[in-house]
Structures are given as C-alpha cells and as structure tokens.
Amino acid sequence: MHSRSTGAAPALPPFDYTVFGGTGDLALRKLLPALYLRDKAGQVADGSRIIGVSRSPLTPSDYRAKAEEAIQEHVHADERDTAVIARFLERLDYVPVDVTSDNGWNELTERLDNPPARSSGAVRIFYLATSPGLFGPVSDQLRAFGLATADSRVVLEKPIGRDLASAQEINDRVGAVFTEPQIYRIDHYLGKETVQNLLALRFGNSLFEPLWNADHIDHVQITVAETVGVEERGGYYDQSGALRDMVQNHLLQLVCLVGMECPISLAQESVRDEKLKVLRSLKAIGPDEIGGCTVRGQYRAGAVAGGAVPGYLDEPGIPPGSGTETFVALKLEIDNWRWAGVPFYLRSGKRLPAKMSEIVIQFRPIRHSIFPQGAGELQANRLIVRLQPDESIRMHLMTKEPGPGGMRLRPAALNLSFAETFGGRFPDAYERLLMDVVRGNSTLFMRRDEVEAAWQWAEPIIDGWMARHEMPKPYIAGTWGPSQSIALIERDGRTWHDDEIPSAAF
Ligand code: BG6
C-alpha cells in the first residue's frame, strides 16, 4: 500500500495525554486508534504516555487489553502491526478517578509527576472526552491538585454546552483554570483532509476567487448524511438532536470555510478571525421565518443498506414520544458584501441512504444562450467538493456531444479523485488534530468567540422550534429525510444535488 500519508513524519516532543472518559466510545473508537496510527507513523516520541482515566475500577493491564481490542476492531488490518501495537500498549497507563470527588486524584497526580523530570520534559495534555457538564468540575480539580501547569493544554470535545449560556459558563469555568491559548476546542470536521483542502482550493488557485461571490454563485448546498442511527448514544443524542450535534458545529464550520475572506496567513488567529466574521454575519432566522427556512425530521423504521432498522423511538435510551430531531434542513444567509442574497442550504441527518458529506457550489446560469432550441438543456456549472467518502473535487461543465449530428450539449464532469491522484490512506481527522495539540497549533480548533457566535445564531432556531410545539416530521429510515426538506429548496426553484453525471466520457 502506498505509504506517503502514513510514512515517517517528524518526531514531536514526548507527551503525557491524559484522557478523561478513557473507557468511553470516543476514546476507544477514535482517540486510541488515532494515537496508535501516529505511533506507527513514527510521530510518537519515546517516553510518551497515554493515561486513561474513568470511574471504572480497571487495572492498567485491563486497560491495555481494552485498548488492544479497540485497535483490532477500529484500525484497518493493513495498518495493524504486532510490534507497533506492543510498543503502543507499553505507553498506556490507567488511573480510576471519580472526577466529581477527590477520589483518585492523588494517584493521578503521583503518576503524572513521576519521574519528577517529566513535569518539565513532556507536553502535558488533558483530553476531556466526557460530557460537557464535567468540563468545569474536571478543570477545577486539575487546578486544585496542581496538575494544570502554565504549559499544560486541555482539549474539549464538542458539544461545548447546549446553548449560549451553558457554553459561556463552560468557557468561563475552564477559562478560570487555563488561558485561551491552552484550550483546544475540537471539531473533528476541521481535521478532515478535504475540509482543509477547501483552503487550498480557494486560496491556492487563482481560478475560483474572482467568481466566489454573489455575482457568480447562485447558491451553496452542504449535505452531511449518515447511515447510522443513534447507536449506543441515545442518552446523549436525545438531549441534543441534529442541530446541536451537527449543525451548530460541523456544518457551520464548513459554511465558514466556504464563506470566509482570505486570511492574512495560515497562522491560527488569522484563520479563526476570518471564520468568526462569517459566524457573526449569519442572518438570524426569526420566529416567523422558522417554518419557511427550517425543517426538522425524525426517522421511523425502514431499511438502510438492505437491512431493516428500527425507528428512532425504538432505539435504546430514547424516551417514548421524544420530539428530538434526527434530521435538519435549513436555509441560511451570510449577510455581508460577498454573499448577500446567496442562500446556503444545509441538511444533515441520521439513517439516510448513504454516508456522504459534500459541498456543492452552484454557479449562476449563463446570461444568454446562442444555442438552438433542442440543443439540450443548459445546466449551470457546479463545483462539488466531496468530503467523504471517495474524497474528490468535481466540476460540472456543459460540453458538445461528440458526433456529426449538429450542436447537442450535454453536461459532463471533470473529476479530481484524491485516491486516484494521490493514492494511499488519508489519516483520520483525529490523527491530525491530536498531534496538532502536541505541536501547540490551534488553527484547526475553535476559539471561544467562534463557539459562542455559533450558539448565538443556532439558539433562536431551537427556541423557535420549542415555541411552535411541533413534533419533527417523520421520515422512513433509508430515505433523504422528510418531503418538507425537498420542498424547502424547491420552493426557491432549486433542487438538492444528486450527482448522476458521469465523469467518464460519452
Ligand atoms: C459527531 C457526532 O460529532 O460526528 C455524531 O456527535 C456523528 O453524531 C459524527 O455521527 C459524524 O462524524 P463523521 O466523521 O463520521 O462524519
């Protein structure tokens, strides 16, 4: 297998990654496999440690066994190397800690401060893979036990709160212990290869920038579709719903990267300043626009990938009659000079027909046609950035159908497939982001003001929904959401993108 993206990368300083929520789903499915893969790529310096922390009374060797199982399950067979797995497991430790009391903290302190030379030598990182309600209490304890040193770092998993007030409270409380540059708020979508590629596409090519505005772009579509249901996370998800879980963070970050001005440089504050301006320019969706600009859905039993799946209300941990949405479609506008009047249509949902994330930039139609009637329908150009799976950038163009039969036009696609062009494995977003924390680079993390600006826009939508007392519209699992989502865009004379244009020639 091509190894460019996984090959030896420059070594980073040794680190102590303490993972709170160390036995949870995120740690086992994403964090430990990502750290293992970075170890395999030669990026984990000798002496680095990963310390799992949770309430479970496990021994370090129990934890290693769990981690090994997680690697077997979540790392592709091609990447599993017995010797590297053994070396990686050696780096693991485990301390049972009850974060809401003093139990276990002395043991954790003891572990982190020994041998004493480590306190200055290794980058000390606390990853809070816990519910946001614990971010404050854990930070307080880290301070009380003298663990939050001036050069330590803390990583906060999303969601940061469930509305503006709770986000501010978390930010205040964590901010009383760590300075803003020490805080890394993770949004793993920013670590995805193709998402970073948006910066390259927009600012590394002279072709697009002159067209990247309301004069030339008709509208933008962003779809983040999943086939999975709520899995084992019903308890969390039912309190959250698709708007809080996906739109307030992941989709808005994509809106920012599509919509922002060119930053002064790639330096962290420059990029984040530009994203913040987009978030602050989002037009509020007022109570009387909620019905016309947003759609909430909830899946019913159906079939995904040929298998029958239960409805949301029958998933484990979901209370009877829950009104939580598993699908959102909405229309937003960025109220600024570049984008005034250009709708951004967003949709995201669980139990849709495919796992697929993509951004579609639809350009305006040509202003005048010289082609005879019957030459075929002139379709406006589309630029399609496929984030996952099959990362690609496609451009839909009108072309002449080959042959002597006169001028007949047909749309065709220029297709840049990343797998075909670059080969190899694309590192998972967490691999990139976990190492960025070790490097001390927070460009791809959300700053406090970004998170709060995103809530400022999202919260009135949630309030508006609550005030209307409407249940989400049902949709059958395995379909593209409720029919109202199609109506949302078709009312404006547009359609959701459905990529049936082949890139192969005629
Ligand atoms: C997480 C959400 O942030 O992103 C999950 O909490 C969702 O509900 C996941 O499934 C999707 O991430 P990805 O990388 O699989 O698109």
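Cut-offs applied
Per chain, residues are indexed from 1 in the order of the written sequence. Since the coordinates come from a predicted model, pLDDT governs what is reported: local features require at least 70, and pairs of side-chain atoms require 80 or more to be given and counted, while whole-chain, interface and lining totals use all residues. Values shown for side chains rest on all heavy atoms present in the structure; no hydrogens or waters enter the calculation. Helix and strand assignments follow DSSP, with helices taken as H or I runs no shorter than four residues and strands as E runs no shorter than two, numbered in order from the N terminus. Throughout, exposure labels follow a simple rule: accessible area from a 1.4 Å probe, protein chains only, divided by the maximum for the residue type, with under 20% read as buried, over 50% as exposed, and the rest as partly exposed. In this description, contact between two residues means that some pair of their heavy atoms is separated by no more than 4.5 Å. This count recognises Lys and Arg as positive and Asp and Glu as negative, with His and chain-terminal groups excluded. A single reference atom marks each charge: NZ on Lys, CZ on Arg, CG on Asp, CD on Glu. Counting of polar contacts relies on pairs of N or O atoms within 3.5 Å, with two restrictions inside protein: one atom must be capable of donating a hydrogen and the other of accepting it, and residues adjacent in sequence are counted only when both atoms are side-chain atoms. We call a residue near a given molecule or strand whenever any one of its heavy atoms falls within 4 Å of it. To measure how exposed things are, a 1.4 Å probe is used in the Shrake-Rupley method; for residues, cover is taken only from the protein chains shown. For this classification, Asp, Glu, Lys and Arg are treated as charged, while Ala, Val, Leu, Ile, Met, Phe, Trp, Tyr, Cys and Pro are nonpolar and the rest, including Gly, are polar. The pairing criterion for strands is at least two bridges between them, as found by DSSP. Fitting a line to C-alpha atoms yields each axis, with helices limited to the stretch in contact; the angle taken between N-to-C directions then spans 0 to 180 degrees. UniProt positions are given in the numbering used here, feature names are shortened, and annotations may be inferred rather than shown by experiment. Geometric relationships in this document are graded by angle, where less than 35 degrees denotes roughly parallel, more than 145 denotes roughly antiparallel, 65 to 115 denotes roughly perpendicular, and other angles denote oblique. If you view the pair so one helix is near and one far, a crossing is left-handed when the near helix is turned anticlockwise from the far one by less than a right angle, and right-handed when it is turned clockwise. Stacked, tilted and edge-to-face pairs are distinguished by plane angle, under 30 degrees for stacked and over 60 for edge-to-face with tilted covering the rest, among Phe, Tyr and Trp rings (Trp via its six-membered ring) whose centres lie within 6.5 Å. Placement of a charge over a ring requires the Lys NZ or Arg CZ to be within 6 Å of the ring centre, with the centre-to-atom vector within 35 degrees of the ring normal.

Novice: How would you explain the overall build of the protein chain if you had to name every residue and give the values?
Specialist: Each helix and strand in the protein chain was counted, giving 15 helices and 18 strands. Dimensions along the principal axes, computed over C-alpha positions, put the protein chain at roughly 80 × 55 × 50 Å. The buried share of the protein chain, taken over its 506 residues, is 54%. Residue pairs at least 24 apart in sequence account for 78% of intrachain contacts in the protein chain once pairs closer than 6 positions are excluded. The averaged location of the 66 negative side-chain charges in the protein chain is 3 Å from the averaged location of its 55 positive side-chain charges.

Novice: Can you lay out the side chain of Glu 431 for me, pointing to particular residues and giving the numbers?
Specialist: As for its position among the elements, Glu 431 is in helix α13 (residues 429–439). For Glu 431, the side chain forms a polar contact with the side chain of Arg 38, separated by 3.1 Å. Beyond its immediate stretch of four places on either side in the chain, Glu 431 contacts Ala 34, Leu 37, Arg 38 and Arg 425.

Novice: Any details on the site of the ligand? Residues and values, ideally.
Specialist: The ligand sits among Lys 158, His 188, Tyr 189, Lys 192, Glu 226, Arg 233, Asp 245, Met 246, His 250, Lys 350, Lys 355 and Gln 388. Between the ligand and His 188 there is a distance of 2.8 Å, counted from an oxygen atom to a side-chain nitrogen or oxygen. Measuring from an oxygen atom of the ligand, one finds a side-chain N or O atom of Tyr 189 at 2.4 Å. Burial of the ligand by the protein chains amounts to 84% of its free accessible area of 400 Å². Top element by residues in the shell around the ligand is helix α9 (residues 234–259). It accounts for 3 residues. Broken down by class, the residue content of the shell around the ligand amounts to 2 nonpolar, 3 polar and 7 charged.

Novice: Mind laying out the sheet that holds strand β14 (residues 382–388), listing which residues take part and the relevant values?
Specialist: As summarised here, the arrangement of the 9 strands in space is β16-β15-β14-β13-β7-β12-β11-β8-β18, forming an open sheet in which the pairing is mixed. A strand with exactly one partner marks an edge of an open sheet, and here the two such strands are β16 (409–417) and β18 (473–476). On average, each strand axis in the sheet is inclined to that of its neighbour by 20 degrees, with strand direction left out of account.

Novice: Which residues make up the UniProt feature "domain: Glucose-6-phosphate dehydrogenase C-terminal" (unreviewed entry) in the protein chain, and what values do they have?
Specialist: When the UniProt feature table is mapped onto this chain numbering, "domain: Glucose-6-phosphate dehydrogenase C-terminal" (unreviewed entry) sits at residues 199–497. Counting secondary structure, residues 199–497 comes out at 31% helix and 25% strand; the distance between its end C-alpha atoms is 23 Å.

Novice: Can you tell me about the packing of α9 against helix α14 (residues 448–468), naming the residues and giving the values?
Specialist: Across the interface, α9 lies against α14 with an axial gap of 10 Å and an inter-helix angle of 135 degrees. Classified by the angle their axes make, α9 and α14 are oblique. Judged by the sense of rotation from one axis to the other, the crossing of α9 with α14 is right-handed. Here Leu 243, Arg 244, Val 247, Gln 248, Leu 252 and Gln 253 of α9 come into contact with α14, specifically with Glu 450, Val 451, Ala 454, Trp 455, Trp 457, Ala 458, Ile 461, Ile 462 and Trp 465. Classifying every residue of the contact of α9 with α14 gives 11 nonpolar, 2 polar and 2 charged.

Novice: Can you explain the environment of Leu 112? Please cite residues and give values.
Specialist: Looking at the element boundaries, Leu 112 is found in helix α4 (residues 105–112). As a C-alpha pair, Leu 112 and Arg 124 span 12 residues in sequence and 8.6 Å in three-dimensional space.

Novice: Which residues make up the side chain of Ser 152, and what are the values?
Specialist: Inspection of the secondary structure puts Ser 152 in the loop between α6 (135–144) and β5 (153–156). Within the structure, the side chain of Ser 152 is placed 2.7 Å from the backbone oxygen of Thr 149, a separation counted as a polar contact. Excluding residues within four positions of it along the chain, Ser 152 makes contact with Arg 124, Phe 126, Leu 147, Phe 178 and Gln 182.

Novice: How would you sum up the packing of aromatic side chains? Please name residues and give values.
Specialist: Evaluated as defined, the whole model comprises 16 aromatic pairs. Ring geometry for Trp 105 and Phe 145: centres 5.8 Å apart, planes at 20 degrees, overall stacked. Taken together, the residues Trp 105 in helix α4 and Phe 145 in the loop between α6 and β5 connect sequence positions 40 residues apart. Residue classification places Trp 105 among the buried residues on the basis of a relative accessible area of 0%. Members of the aromatic cluster, connected to one another through ring pairs, are Tyr 237, Tyr 299, Tyr 312, Phe 327 and Tyr 475. Here the guanidinium or amino end of Lys 192 rests over the ring plane of Tyr 189, the centre of that ring lying 4.6 Å away. Over the aromatic face of Tyr 299 sits the side chain of Arg 351, whose NZ or CZ is 5.9 Å from the ring centroid.

Novice: Summarise the environment of Leu 414; cite the residues concerned and give the values.
Specialist: With respect to the helices and strands, Leu 414 occurs in strand β16. Take Leu 414: its relative accessible area is 52%, and that puts it in the exposed class. For the pair Leu 414 and Met 395, spaced 19 residues apart in sequence, the C-alpha separation works out to 5.1 Å.

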